[in-house]
Amino acid sequence: MAKPEDFFTVGNDIADTKADTSLPIEKIWPERQFHAKLVNPSNRRKLTVIIVGTGLAGGAAAASLGEAGYNVLNFCYQDSPRRAHSIAAQGGINAAKNYRNDNDSVHRLFYDTVKGGDYRARETNVYRLAEVSANIIDQCVAQGVPFARDYGGLLDNRSFGGVQVQRTFYARGQTGQQLLIGAYQALERQVDAGTVKMYTRHEMMEIILKDGRARGIVTRDMVTGEIESWTADAVVLATGGYGNVFFLSTNAMGCNNTAAWRAYRKGAYFGNPCFTQIHPTCIPVHGDTQSKLTLMSESLRNDGRIWVPKNAADATKDPREIPEEDRDYYLERIYPAFGNLVPRDIASRQAKYMCDEGRGVGPAVTETDQDGNTRQVRRGVYLDFSEAISRMGKDGVSAKYGNLFDMYAQITGEDPYETPMRIYPAVHYTMGGLWVDYDLESNVPGLYVTGEANFSDHGANRLGASALMQGLADGYFVLPNTINDYLASGPYEKLSDDDPAVVEAVNSVNERIDKLLSINGERTVDSIHKELGNIMWEYCGMERKEAGLITAIQKIRDLREEFWKNVKVTGEKEELNQALERAGRLVDFLELGELMCIDALHRRESAGGHFRAESQTEDGEALRDDKNFLYVAAWEFAGDGKKPILHKEPLVYKAIELKQRSYK
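The text that follows walks through the structure, step by step, so that each part is easy to find. Keep in mind that this is a model prediction, so the values were computed, not measured. (Residues numbered from 1 in each chain as written. Predicted model: local features only at pLDDT ≥ 70, side-chain atom pairs only at ≥ 80, totals over all residues. Heavy atoms only, no water.)

### A look at the overall build of the chain
Under the convention used in this document: Counting from the N terminus, the helices are DSSP H or I runs at least four residues long and the strands are E runs at least two residues long. Both definitions apply: the radius of gyration is a C-alpha atom measure, and the globule rule equals 2.2 Å times residues to the power 0.38. Exposure categories follow from relative accessible area, calculated using a 1.4 Å probe and restricted to protein chains: below 20% of the type maximum is buried, above 50% is exposed, and the middle band is partly exposed. Note on definitions: a residue-residue contact is assigned when non-hydrogen atoms from the two residues lie within 4.5 Å. Per-residue and other accessible areas were derived by the Shrake-Rupley procedure at a 1.4 Å probe size, with only the shown protein chains allowed to occlude residues. Note that His is not counted, nor are the chain ends; the positive residues are Lys and Arg, and the negative ones are Asp and Glu. The location of each charge is read from NZ of Lys, CZ of Arg, CG of Asp or CD of Glu.
Looking only at helices and strands, the chain features 16 helices and 22 strands. Computed over the C-alpha atoms, the radius of gyration of the chain is 24 Å, within 12% of the 26 Å expected from 2.2 N^0.38 for a compact globule of 664 residues. With the principal axes as the frame, the chain shows a C-alpha extent of 75 × 60 × 50 Å. Here the chain holds 664 residues, and 61% of them are scored as buried. Taking the contacts inside the chain whose residues are at least 6 apart along the sequence as the reference set, 74% of them involve residues at least 24 apart. Just so you have it, the chain exposes about 24,700 Å², and 46% of that area is on carbon and sulfur atoms. Positive and negative charge centroids in the chain, built from 78 and 93 side chains respectively, lie 1 Å apart.

Structure follows, in structure tokens:
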């Protein structure tokens, strides 16, 4: 029987050297800003920065660097920056402004975030995130973002999971859309000014390294198929997360990990890949032909109550016919201090447990578990607004959540004003990503990574409403203050199209595409991707076991071999070819999935969203092992067919005391 150690080798410990941790934590960011090198405004016109991604992190960074006077080349695979996946965020954005006078503070936001991440985030980065959070709201209000306001005209707040204060600013259920429009307006202003050049429908296929530095990218024009190289003084990846490795997720179908994975294969470390988030309030899977899942905002847990029948025999009844005394409001029962607003990982696991007990609701499906046992189970719990409607009135509920209720009704054909919503956990966000230091620079000089594409701020579980906060913090306030330190040593020598580094990168892309088109097998890309997703969900989803992860690694290797022998990619190279796009992304997902399972296998503890069945408390909660796993796992690519190398960045907590997480 294989052992975890058979799948990787151990390298050296690494450290973040950009933050002066000898200082009090509240002084680290001001000191870093002061000591970082600056670039004279007249010299900025001589420097070029490539930014891949136009969501909140990428769009805000491009707008900010353009405003500062740099030349920015901004790329996205969508037909407009406004289609970046940030637009899909619903519920809100956190900020420590204490508008509700409920004892919120920068330190409390910092503490909640580190605790919510189960003490697996770097505390210096998290404190900075909390520090700049208030600036984000001011910036967005100045841009005209229509945040909700209370009766007196002040900005309104609501709660999200894992906190006991109200710090989440929101624009009904469309917060991501409104924030992205604000960033988009700032970005388009710079496009008009000529400091930013926008390249839509361009997908990054490779990164260009010269003398160990990131100097450019290779893209494919998704309309014409043209392969082009682009060079600059620095490269920023703001390309989102990798939840679509599971095939079914709340991510847009185009979301992928190719940009980050190409950087990983060129030497950038990948941090904590197994830390993925399962969101508790999603519309359940409804069929084998489904291609994505739909998120119902966590904000619904402010007024909606989650329950299942106390008796399994009532699972098929109309929920309106089940009397109050026969309902189990299990989150309120188990976690009286936080109730329905426990963090996402806890709410998700408890929903699974209720369904495993046979008290789930909705249609019955046949499942086979990791041990090979087959059974019928119902995967759904109720999210009920009947009490809120009685208290606030239907119009009051509609004013806060109306667009979310409309979306649910359109998808399910059920009226949530009359019948409780049915929800179940689904893959949502990824806390893992490329490793970065305090400056958001990867271990590859000149390669910066922002937003969900990096690993830095959320540990093993992201608190709700913190994704938008991190994206805008990185884009507006952090990266523009740290990338100067690197660019001050530029401009670097211009690279010509025939430079060996450029030629190598372009050739590798062409060879990969040619190989994909030459296989001409019998299986579609989506059929293989769906099989990968089933493996990932079954063995590396809500619960992981050593034997199951070892099985998953072998299954993924077999599937990858099947892909390269039997996939069929239709169409031509030099044309609009969506089959080719999906195939290229799946190549990287097949490799990433294996690394995720190896990371989950090596981490013999439970932490946040990473739940190892072998490491839990008596009452089924995640049980950390701080003695052996208090570190960031930073993985290095060793070459095709070779074991990845594990580097450890020890996590040191000076401002926060390590505790076993409890929300009861």
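### Let's talk about the packing of helix H12 (residues 500-519) against helix H15 (residues 578-602)
The condition that has to hold: Axis definition: a line fitted to C-alpha atoms, limited for helices to the stretch in contact. Angles are taken between N-to-C directions and run from 0 to 180 degrees. An angle counts as roughly parallel when it lies under 35 degrees, as roughly antiparallel when it exceeds 145, as roughly perpendicular when it falls between 65 and 115, and as oblique in every other case. Classification convention: Asp, Glu, Lys, Arg as charged; Ala, Val, Leu, Ile, Met, Phe, Trp, Tyr, Cys, Pro as nonpolar; all other residues, Gly among them, as polar.
Following both chains from N to C, one finds H12 and H15 inclined at 110°, their axes separated by 11 Å at the closest point. Compared by their axis directions, H12 and H15 come out roughly perpendicular. Judged by residue contacts, Ile-513, Leu-516 and Leu-517 of H12 engage Leu-580, Ala-583, Gly-584 and Val-587 from H15. Residue classes in the contact of H12 with H15 are distributed as six nonpolar, one polar and no charged.

### Notes on the packing of aromatic side chains
Here is the rule: Two rings from Phe, Tyr or Trp (for Trp, the six-membered ring) form a pair when their centres are within 6.5 Å of each other. A pair whose planes differ by under 30 degrees is stacked, one over 60 is edge-to-face, and the rest are tilted.
A full pass over the atoms with the stated rule returns 25 aromatic pairs. Taking the centre distance of 5.5 Å and the plane angle of 90° together, the rings of Phe-8 and Trp-635 count as edge-to-face. Taken together, the positions of Phe-8 in the segment before strand S1 (9-13) and Trp-635 in strand S21 (residues 631-636) put the pair 627 residues apart, joining distant regions of the chain. Each member of the pair Phe-8 and Trp-635 is classed as buried.

### Here we look at the pattern of salt bridges
Rules: For salt bridges, the criterion is a side-chain nitrogen of Lys or Arg within 4 Å of an Asp or Glu carboxyl oxygen.
If you walk through the whole model with that rule in mind, you get 60 salt bridges. A salt bridge links Arg-359 to Glu-357, with the shortest nitrogen-to-oxygen separation between them at 2.9 Å. For Glu-357, a relative accessible area of 48% translates into the label partly exposed. Through salt bridges with shared partners, one network takes in Asp-118, Arg-120, Asp-345, Arg-349, Arg-603, Glu-605, Arg-624, Asp-626 and Arg-661.

### Regarding empty space enclosed by the protein
Put simply, the test is: Both site types are read off a 1 Å grid over the protein atoms alone. A 1.4 Å probe that fits but cannot get out defines a cavity, while an open set with protein on both sides within 12 Å along at least five of seven lines defines a pocket; lining residues have an atom within 4 Å of a point. Grid points are joined across faces, edges and corners, and a volume is the space filled by probe spheres set on the points.
Counted by the stated rule, this structure contains four cavities of 30 Å³ or more. Put simply, the largest cavity is a space of about 90 Å³. Along the walls of the largest cavity sit Glu-203, Met-205, Arg-220, Thr-258, Arg-512, Ile-513, Leu-516, Leu-580, Glu-581, Gly-584, Arg-585 and Asp-588, which together make up its complete lining. Top contributing element to the lining of the largest cavity by residue count: H15, with five residues. Classifying every residue of the lining of the largest cavity by side-chain character gives four nonpolar, two polar and six charged.

### A closer look at the layout of surface pockets
Computed from the structure, the largest pocket encloses a volume of approximately 1,400 Å³. What lines the largest pocket is a set of 46 residues, among which Val-285, Val-365, Glu-367, Arg-379 and Trp-537 lie closest to the centre. Among the secondary structure elements, those contributing two or more residues to the lining of the largest pocket are helix H9 (344-356), strand S15 (364-368), strand S16 (374-378), helix H10 (386-412), strand S18 (421-430) and helix H13 (525-540). The residue inventory of the lining of the largest pocket, partitioned by class, reads 18 nonpolar, 14 polar and 14 charged.

### Let's talk about the environment of Ala-263
Within the secondary structure, Ala-263 is located in helix H7 (residues 258-265). According to the relative accessible area criterion, Ala-263 is buried, its value standing at 1%. Considering only alpha carbons, one finds Ala-263 and Lys-643, 380 residues apart in sequence, at a separation of 17 Å. Excluding residues that lie within four positions of it along the chain, Ala-263 makes contacts with Ile-207, Leu-237, Ala-268, Leu-434 and Leu-447.

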